[in-house]
Amino acid sequence: METLVQSSPFTGYVYPNETIIPWTVLIVVYPYLTGLVAGAFTISSLYQVFGFQQLRPVAHFALLVSLCCMVVVPIPLLLHLGHPERAFNAMITPHTTSAFAIFAYAAAFYVILLILETWFVFRPQIVHAANDTKGPVGWIYRVATLGSDDLSEKALSYDKKWLFALAIIGIPGAHGLHGYVGFVFGSLKSREWWSSDLMPVIFLFSAIISGTALVIVLYVVSCKLRKVPVDLACLKVMAYSLWGFMMFTLLLEGLEFASMVYRGREGIDVIMTFVKGPLLVPFFILQFGLGSVLPLAVITFLIWRGTTGPALVAAITTSACLVLLAVLMMRYNVVIGGQEIAKTGKGLLDYQPPVFAREGLFAAGCVLVLPFILLSIVVRFLPPWHEAEPALANTRTR
Amino acid sequence: MEDKEKLEGQQRGRREFLSCLGSALACSAAAAAAGTVASGTVAATAEATEVQPNPAIPGYDWNQHQWAFGVDATKCIGCLRCVEACKKENNVPPDAHHFRTWVERYVTLEGEETARIDSQADPVNIAASGSESEYRFADRYRDAKVELAFFVPKLCNHCTHPACVQVCPTGATYKTEDGVVVIDHTYCIGCQYCVQACPYGARYFNEEKGVTDKCTWCYHRITKGLQPACVEVCPVGARIFGDRNDKQSAISQFIQNNRVSVLKPETGNAPNVFYIGIDKDVS
């Protein structure tokens, strides 16, 4: 038994069973990934539905980012389960009162929606590749066309209608999925740190900023790798969106914390000890200071000064990296922090994640890297770069 | 143990059937259809079996009983025999992090506002006993001026509105007709959502089995007319168990003759473990 359990030291009084933290770093990764999905999808939808033409260079790429993250979402959950082989029990006999029972359906629905949307977006490219490529790869493309190789004007306008509809369904889908993850935590009355009506909304906004930040970073990196110039107009729109959503997120987090302190319900003393002590570095310095206030100040400065060129790219990319760190820390502070405050309201636990364990930091790191490996493969088969589009347009008019 | 597993096995009948049915559905319904076809059919099936059949225990009808538990904290002497008996009876992992029942000690020293609380799982008490699988309260307040001191046994409250059952995504944990919250270990996926949801810290994750576990009021014993192990071994009668349907039972009398309270009533869980002799510090 000793090798199986990892208990946490505590101060004050905690229930004996609480000394083993139930949800570990893998459950930190899970809402982080769903957040990236929702955020990247937002960027894609801003172009697809709301017609933000400046976002054209990243719209299709953001969709692929969203898809690659979404495919990985179930992995941390499966790794966490005591019986992953029984995971489908939740789908077979969903317990209707459980906030978690519909997750599998919601996730499956959303994966299908993303795959469908990706297929419609890339259908012209798939058809061209199916015609032009030989060998096994060509065979894969031919299967991927699903027998639909009509690229006539009429067919393409039909595709467009589908894309619009899917993107419209996808907006509540992606955000619903993530808001619902917030509900999984916020609806638990057993933990004061989680039990908040604002939790789903905060999850949602932090999701949007993390996804936007990820698309910014990946877009800039992809431009460097492909040795093409970064589209500054596109980058600016993303940075402005990031700025706006960050303001909301910070306000909401501030309001939530203020409400908790102001209500001052039982256990608030322990929460305050926690906030001033163990949470000082992960929350105030990493999440709030370095990850939120600094990038916000940097982007504000860029807007004010009208900075442009390589300085703009470097500053926005750095800010986006910091935002990614802030949201990861936010997930950590919510998921792990909530469990470090004992249910007794009279004690604090000190969780130190193991490095090499089934639910350790290494496993969590691997899960976090997986979407990017997947993305690097997918973009080879379905290049989402809009520079590739004129060539396609030429072939279309032929 | 063998009988207990047999009993649980019988109750699992419908779950296994559903499981097989579900597997077949899940296989046949491709991912695209999963969201609609599978959910509709299975939800309907689950609803149809909402009325639980009486478990096939000879001479036992779960519709005839309504079990409840009482704790008289004024009697508890903190001997921890209950903890030891429970660990042995229910094969609870023999360490300081897995308990179906535990005992808390509340000590208020002179001049202090709030009680100092510890349980047998406290490192000081483990050091005193010399082992995590032996239970003892260290004599740590020998030289202090103690104003008030008492022990409080804790266990699963088998709530009328159990938060753990509410959140279970598969229905592996459920409330029996006779008022006991149990877990189907063959159906639990080990997500630990129930561990999070329980405000009383009554649930733990059994790493070896990959499932959650908790007190069942020794369901394998009570359905045979026996008392739970902890009640059986308590030398002072601090733990009372019985059937509320029987107005003359010890528990009915306990609730009727005392001003009982429950833990954390504000959660809305409506616990079925009734306490006397606890004070404001106990939660």
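What counts, and where the lines are drawn
- Residues numbered from 1 in each chain as written.
- Chains lettered and ligands numbered in written order.
- Predicted model: local features only at pLDDT ≥ 70, side-chain atom pairs only at ≥ 80, totals over all residues.
- Helix = DSSP H or I, 4+ residues; strand = E, 2+ residues; numbered from the N terminus.
- Rg over C-alpha atoms; globule rule 2.2 N^0.38 Å.
- Buried ≥ 20, exposed ≤ 12 C-beta atoms within 10 Å, placed from the backbone.
- Contact = placed C-beta atoms within 7 Å.
- Nonpolar A, V, L, I, M, F, W, Y, C, P; charged D, E, K, R; others polar.
- Core = buried A, V, L, I, M, F, W, Y, C linked by C-beta atoms within 7 Å.
- pLDDT = per-residue confidence, 0-100.
- Pairing = 2+ DSSP bridges.
- Axes fitted to C-alpha atoms, helices over the stretch in contact; angles between N-to-C directions.
- Expected span 1.5 Å × (residues − 1).
- Parallel < 35°, antiparallel > 145°, perpendicular 65-115°, else oblique.
- Left-handed = near helix turned anticlockwise from the far one by under 90°.
- Bend = angle between axes of the 7 residues up to and from the residue.

1. Topic: the overall build of chain A
Each helix and strand counted, chain A has 14 helices and two strands in total. For a compact globule of 398 residues, the expected C-alpha radius of gyration is about 21 Å, and chain A comes in at 23 Å, within 12% of that figure. Taken across its 398 residues, chain A has 45% of its residues classed as buried. Restricting to contacts in chain A with at least 6 residues of sequence separation, those with at least 24 account for 79%.

2. Looking at the overall build of chain B
Scanning chain B from N- to C-terminus turns up 10 helices and 10 strands. Expressed as a percentage of its 283 residues, the buried residues of chain B come to 44%. Counting contacts in chain B only where the partners sit at least 6 residues apart, residues at least 24 apart contribute 61% of the total.

3. Notes on the interface of chain A and chain B
In this assembly, 42 residues from chain A lie in contact with 54 residues from chain B. Listed by contribution, the elements that provide at least two residues to the side of chain A that touches chain B are α4 (89-92) and α5 (103-132) of chain A. Of the residues contributing to the side of chain A that touches chain B, the split by class is 24 nonpolar, 13 polar and five charged.

4. Remarks on the nonpolar core
Core analysis: the biggest nonpolar cluster contains 185 residues, and Val37(A), Ala40(A), Val65(A), Cys69(A), Val215(A), Leu242(A) and Val323(A) have the highest contact counts within it. Here the element with the most residues in this core is helix α1 (residues 25-48) of chain A; it accounts for 16 residues.

5. A look at the confidence of the model for chain A
Residue and element names in this part refer to chain A. Here chain A averages 89 in pLDDT, while 96% of its residues score no lower than 70. For chain A, per-element mean pLDDT is lowest for helix α14 (residues 388-397), which scores 46, and highest for helix α13 (residues 361-381), which scores 95. The low-confidence segment residues 390-398 (pLDDT under 50) makes five contacts with residues lying over four places distant or belonging to another chain.

6. Focus on the sheet that holds strand β3 (residues 116-119) of chain B
Residues and elements named next belong to chain B. Ordered by their spatial adjacency, three strands build an open sheet running β3-β2-β4, and the pairing between neighbours is antiparallel. Pairing within the sheet leaves two strands with one partner each, and these edge strands are β3 and β4 (146-155). Averaged over all pairs of adjacent strands, the angle between strand axes in this sheet comes to 20°, irrespective of strand direction. For strand β2 (residues 101-109) and β3, the ladder comprises four bridges, and the chain directions are antiparallel. Across the sheet, the residue bridging to Val107 is Arg116, located in β3. Most of the contacts of helix α4 (residues 81-89) go to β2, to which it runs at about 160°, and overall it touches β2 and β4.

7. What about helix α8 (residues 199-226) of chain A?
In this model α8(A) runs 40 Å from its N-terminal to its C-terminal C-alpha over 28 residues, within 8% of the 40 Å that 1.5 Å per residue would give. In the segment just after α8(A), Lys227(A) is the residue with positive phi, at about 55°.

8. Some words on the sheet that holds strand β10 (residues 273-276) of chain B
Residues and elements named next belong to chain B. Reading across from one edge, β9-β1-β10 is the order of the three strands in this open sheet, with mixed pairing throughout. A single partner strand is all that each edge strand has here, and the edge strands are β9 (239-243) and β10. Each strand axis lies, on average, 20° off the axis of its neighbour in the sheet, ignoring direction. Bridge count for strand β1 (residues 67-72) against β9 is five bridges, and the pairing is antiparallel.

9. Brief notes about unusual backbone geometry
Residue and element names in this part refer to chain B. A positive phi is found at Asn91, a non-glycine position, where the angle reads about 50°. Position of Asn91 among the secondary structure elements: in the loop between α4 and β2. The backbone phi angle of His158 is positive, close to 40°, even though this residue is not glycine. Tracing the chain through its elements places His158 in the loop between β4 and α6 (163-167).

10. With respect to the packing of α1(A) against helix α12 (residues 310-340) of chain A
All names here are of chain A. The contact between α1 and α12 brings their axes to 9 Å, and the two run at 135°. Here α1 is positioned oblique relative to α12, judged by the angle of their axes. α12 is crossed by α1, and the crossing has right-handed handedness. Contacts between α1 and α12 involve Ile27, Val28, Pro31, Tyr32 and Gly35 on the former and, on the latter, Val327, Leu328, Arg331, Tyr332, Val335 and Ile336. The residue makeup of the contact of α1 with α12, split by class, is nine nonpolar, one polar and one charged.

11. Concerning the packing of helix α9 (residues 232-263) of chain A against helix α11 (residues 280-305) of chain A
All names here are of chain A. Between α9 and α11, the least distance of the axes is 10 Å, while the angle of their chain directions is 140°. The angle between the axes of α9 and α11 places the two elements in the oblique class. Handedness of the α9/α11 crossing: left-handed. In this structure, α9 contributes Ala239, Leu242, Trp243, Met246 and Leu250 to the contact, and α11 contributes Ser292, Leu296 and Ile299. By residue class, the composition of the contact of α9 with α11 is seven nonpolar, one polar and no charged.

12. Focus on the confidence of the model for chain B
As a general rule, the predicted coordinates of low-pLDDT regions are not to be interpreted in detail. Residues and elements named next belong to chain B. In the predicted model, chain B carries a mean pLDDT of 85, and the fraction of residues at 70 or more is 81%. The lowest-confidence element of chain B is helix α3 (residues 31-48), averaging 38 in pLDDT; the highest-confidence one is β10, averaging 98. For residues 9-49, every residue scores under 50 in pLDDT, and the model assigns this stretch 44 contacts once sequence neighbours within four places are set aside. Here the prediction assigns the complex a pTM of 0.86, and the interface score ipTM is 0.88.

13. Things to note about the environment of Pro22(A)
All names here are of chain A. Relative to the assigned elements, Pro22 resides in the loop between β1 (10-13) and α1. A count of 19 C-beta atoms within 10 Å places Pro22 in the partly exposed class. Each C-alpha atom of the pair Pro22 and Gln339 lies 8.0 Å from the other, and the pair is 317 residues apart in sequence.

14. Some points on the environment of Arg123(A)
Residues and elements named next belong to chain A. Tracing the sequence through the fold places Arg123 in helix α5. Between the C-alpha atom of Arg123 and that of Asp350, which follows or precedes it by 227 residues, the distance is 51 Å. Other than its neighbours up to four places away in sequence, Arg123 contacts Ser148 and Asp159.

15. Focus: α11(A)
Residues and elements named next belong to chain A. Under the 1.5 Å per step criterion, the end-to-end length of α11 is only 33 Å for 26 residues, more than 12% shorter than the ideal 38 Å. The largest bend in α11 amounts to roughly 40° and is located at Gly289. Every buried residue of α11 is accounted for by Phe283, Leu286, Gln287, Gly291, Ser292, Pro295, Leu296, Ile299 and Leu302. Residues of α11 that are buried sit in contact with α9 and α12. In the segment just after α11, Gly306 is the residue with positive phi, at about 65°.

16. Focus: the environment of Gln256(B)
All names here are of chain B. Along the polypeptide, Gln256 turns up in helix α10 (residues 250-257). Using a count of 9 C-beta atoms within 10 Å as the deciding quantity, one classes Gln256 as exposed. Sequence separation between Gln256 and His158 is 98 residues; the distance between their C-alpha atoms is 19 Å.

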